[in-house]
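Architecture and fold: a report
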Amino acid sequence: SVPAYYYQGNRFYLLLQYKINNNISCWLRIANTNYMNQNTIGSNGETIYGNNKTEIKAQVSYKL
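Residues numbered from 1 in each chain as written. Predicted model: local features only at pLDDT ≥ 70, side-chain atom pairs only at ≥ 80, totals over all residues. Heavy atoms only, no water.

Re the side chain of Q38
Mapped onto the elements, Q38 comes out in the loop between β2 (24-35) and β3 (40-41). Overall, the relative accessible area of 18% leaves Q38 in the buried class. In this structure the side chain of Q38 is engaged in a polar contact, spanning 3.4 Å, whose partner is the backbone oxygen of T40. Among residues more than four places away in sequence, those in contact with Q38 are Y7, G50 and N51. (Helix = DSSP H or I, 4+ residues; strand = E, 2+ residues; numbered from the N terminus. Buried < 20%, exposed > 50% of the residue type's maximum accessible area, 1.4 Å probe, protein only. Polar contact = N/O pair within 3.5 Å; in protein donor to acceptor, adjacent residues only side chain to side chain. Contact = heavy atoms within 4.5 Å.)

Details of the sheet that holds strand β5 (residues 52-62)
The strand order β1-β2-β5 describes an open sheet built from 3 strands, whose pairing is antiparallel. Either end of the sheet is taken by a strand with one partner, and the two such strands are β1 (9-19) and β5. Each strand of the sheet is rotated relative to its neighbour by a mean of 10°, with strand direction disregarded. As judged from the 11 bridges shared by β2 and β5, these two strands associate in the antiparallel manner. Opposite T33, over in β5, you have K53 as the bridge partner. (Pairing = 2+ DSSP bridges. Axes fitted to C-alpha atoms, helices over the stretch in contact; angles between N-to-C directions.)

Examining the pattern of salt bridges
If you walk through the whole model with that rule in mind, you get 2 salt bridges. Two residues, K57 and E55, come together in a salt bridge whose shortest N-O distance is 3.9 Å. You can call K57 partly exposed: its relative accessible area is 46%. One continuous salt-bridge network, built from bridges that share partners, spans R11, E55 and K57. (Salt bridge = Lys/Arg side-chain N within 4 Å of Asp/Glu carboxyl O.)

A look at the environment of Y49
For Y49, the location among the structural elements is in strand β4 (residues 48-49). On the accessibility criterion, Y49 (71% relative accessible area) is exposed. Counting along the chain gives 13 residues from Y49 to Y62, while the straight-line C-alpha distance between them is 38 Å. Leave out the neighbours within four places in its chain, and Y49 touches N39 and T40.

Notes on the environment of N34
Within the secondary structure, N34 sits in strand β2. On the basis of relative accessible area, N34 is assigned to the partly exposed category, the value being 33%. C-alpha of N34 to C-alpha of K53: the two residues are 19 residues apart in sequence and 6.5 Å apart in space. At 3.4 Å, the side chain of N34 and the side chain of N51 are in polar contact.

As structure tokens, then:
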């Protein structure tokens, strides 16, 4: 997916999938957003001082 952002920048992400067996698989996503014209990202308690934001998310899937 390519989400729309108000500010100019780039977003890259890496998706990894590992199948443990036929019923269990694990997913990992590492995403990086780089805003070209921002010094801070977010507001209040979630403020990031800088123009770079990295997210890591994991998911385990089990099929019956």
